[in-house]
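# A look at the structure
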Amino acid sequence: MSVTGFGARLVEAVAARGNLCAGIDPHPGLLDAWGLDRDPGGLEKFALTAVDVLAEEVSVVKPQSAFFEAYGPPGVAVLARVVEHARDRGALVLLDVKRGDIGSTMAAYTAAYLGDAAPIRADAITVSPYLGFGSLAPALGAGEGLFVLARTSNPEAGGLQNALLANGKTVAQSIVDEAARCNAGAASLGDVGVVVGATIEPGELDLTGLNGPVLAPGFGAQGATVDDLRRLFGADLPGVLPASSRDVLRHGPDPVALRDAVRRTQASLTG
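Report follows, based on the coordinates. Throughout this description, residue numbers start from 1 for each chain and increase along the sequence as written. Given that this is a predicted model, residues contribute local features only at a pLDDT of at least 70 and side-chain atom pairs are listed and counted only at 80 or more, while totals for whole chains, interfaces and linings are drawn from all residues. Here the side-chain values reflect all heavy atoms present in the structure, with hydrogen atoms and water set aside.

Time to look at the overall build of the protein chain. A tally of regular secondary structure across the protein chain gives eleven helices and eight strands. Atoms counted for the radius of gyration: C-alpha only. Globule rule: 2.2 Å times the number of residues to the power 0.38. Taken against the 2.2 N^0.38 rule, which gives 18 Å for 271 residues, the C-alpha radius of gyration of the protein chain at 18 Å falls within 12% of a compact globule. Seen through its principal axes, the protein chain has C-alpha atoms that stretch 55 × 45 × 35 Å. The buried label goes to any residue with under 20% of its type's maximum accessible area, the exposed label to any with over 50%, and the partly exposed label to all in between, with areas taken from a 1.4 Å probe on protein chains only. Considering the protein chain as a whole, with its 271 residues, one finds that 52% of them fall into the buried category. A separation threshold of at least 6 residues defines the contact pool for the protein chain, and within that pool the share at least 24 residues apart is 67%. Method for areas: the Shrake-Rupley scheme with a 1.4 Å probe, in which residue coverage is limited to the protein chains shown. As presented, the protein chain carries roughly 11,300 Å² of accessible surface, and 53% of it is formed by carbon and sulfur atoms. Under the counting rule used here, the positive set is Lys and Arg, the negative set is Asp and Glu, and His together with the chain ends is not counted. Each charge is placed at NZ for Lys, CZ for Arg, CG for Asp and CD for Glu. Treating the 21 positive side-chain charges of the protein chain as one cloud and the 30 negative ones as another, the clouds have centres 2 Å apart. Secondary structure counts use DSSP, requiring at least four H or I residues in a row for a helix and at least two E residues in a row for a strand, with both numbered from the N terminus. Between two residues, a contact is recorded if the distance between any of their heavy atoms is within 4.5 Å.

Formed by 70 residues in total, the largest nonpolar core has its most connected members in Leu 54, Val 61, Ile 125 and Phe 233. For this core, the element with the most residues is helix α3 (residues 40–54), which contributes eight residues. In contact with Phe 233, not counting residues within four places along its chain, are Val 196, Leu 207, Val 214, Ala 216, Pro 238 and Val 240. Here the nonpolar core consists of buried residues drawn from Ala, Val, Leu, Ile, Met, Phe, Trp, Tyr and Cys, with membership extended through side-chain atoms lying within 4.5 Å.

Strand pairing within a sheet occurs via backbone hydrogen bonds; the two strands may be parallel or antiparallel. Whether two strands pair depends on DSSP finding at least two bridges between them. Strand order around the closed barrel formed by eight strands is β1-β2-β3-β4-β5-β6-β7-β8, with parallel pairing between neighbours. Each strand of the sheet is rotated relative to its neighbour by a mean of 30°, with strand direction disregarded. The pairing of strand β6 (residues 192–196) with strand β7 (residues 214–216) spans two bridges and is parallel. The partner of Val 194 across the bridge, within β7, is Val 214. Only the stretch in contact is used when fitting a helix axis, every axis being a line fitted to C-alpha atoms; angles between N-to-C directions are given from 0 to 180 degrees. Across the sheet, helix α9 (residues 226–233) touches β6, β7 and β8 (240–244), and the angle it forms with β7 is around 150°.

Every buried residue of helix α6 (residues 103–113) is listed here: Met 106, Thr 110 and Tyr 113. Down the axis of α6, the buried side of the element spans an arc of 80°, and every buried residue falls inside it. Elements that come into contact with the buried residues of α6 comprise β3 (92–99) and β4 (124–127). Gly 115 sits one or two positions beyond α6 and adopts a positive phi of about 100°. Relevant arc is that of directions from the helix axis to the C-beta atoms, nothing else.

Right, let's get into the side chain of Asn 19. Here Asn 19 lies in the loop between α1 (6–17) and β1 (21–24). Pairs of N or O atoms within 3.5 Å make up the polar contacts considered here, provided that, within protein, one atom can donate a hydrogen while the other can accept it, and that residues adjacent in sequence are counted only when both atoms are side-chain atoms. A polar contact is formed between the side chain of Asn 19 and the backbone oxygen of Val 240, at a distance of 2.9 Å. Beyond its immediate stretch of four places on either side in the chain, Asn 19 contacts Val 14, Ser 59, Leu 237, Val 240, Leu 241, Pro 242 and Leu 269.

Okay, α3 next. Helix length check: α3 (15 residues) gives 21 Å between terminal C-alpha atoms against 21 Å at 1.5 Å per residue, within 8%. Within α3 the residues assigned to the buried category are Gly 42, Leu 43, Phe 46, Ala 47, Leu 48, Thr 49, Ala 50, Val 51, Val 53 and Leu 54. Helix span, expected: 1.5 Å multiplied by one less than the number of residues in the helix.

Time to look at the side chain of Glu 144. With respect to the helices and strands, the residue Glu 144 is situated in the loop between β4 and β5 (145–151). Within polar-contact distance, the side chain of Glu 144 engages the side chain of Arg 121 at 3.3 Å. Here Glu 144 is in contact with Phe 6, Arg 9, Leu 114, Gly 115, Arg 121, Ala 122, Asp 123 and Asp 191, once residues within four sequence places are set aside.

Structure below.
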């Protein structure tokens with residue numbers, strides 16, 4: 001693996017700033033709570049205030065693309081500025097877009113978000129493997145980061161993701177194992193991660209051979225605690241990025257209060 005691959009960059013970033021992944025989710029309710037209008041102007045004020053604080057504190061920021069896309073072209077323009085500003089301030093950007101398709105369409109999604117020529121240049125994106133893990137091939141192997149949906153935190157996911165395949169593995173475990181094959185031989189941490197909700201039951205998945213990062217949504221507002229994270233992923237949370245958005249963002253719009261909330265959350269992960 002190239003020393004400039006996403007996995008290597010992530011290891012360096014986490015060593016410097018900790019493993020919290022801070023979401024930037026301009027939910028309409030949060031705009032209301034911040035006293036902002038539900039329009040492109042309010043979106044821009046919210047998102048740029050958040051990124052100015054978060055991107056200087058955490059290793060990874062995770063904008064949720066859908067909340068920006070909901071405002072049409074002006075919202076996508078704000079998203080592009082958020083991604084650029086976050087990277088300029090030293091954070092890695094994990095763009096939560098959950099793309100997944102086949103052939104040239106997947107290649108187009110890759111061109112949109114990954115690589116130096118991408119118009120919205122993220123360090124990593126979330127992707128869906130449910131057209132077959134092989135459908136992600138255009139995005140694999142380029143030294144960029146992918147977080148593949150494996151065992152997500154939403155209650156509706158269990159019936160599909162815990163279903164048994166003919167080989168006796170669950171769907172979720174088969175996705176983890178495919179990601180592990182992509183990371184084989186990586187010197188530090190591979191570029192292909194998985195999404196595993198912090199609210200699932202311990203023992204559902206074997207992550208020991210992954211050699212890649214784990215994005216763990218469900219921490220904070222969705223109910224998962226630091227103790228839950230450690231029961232699932234181990235005491236030191238190696239390679240795990242607990243994701244929190246609303247629990248932190250509700251402390252805005254005051255930048256000082258927002259920064260204090262981020263630092264308290266980070267401290268709870270290392271305490």
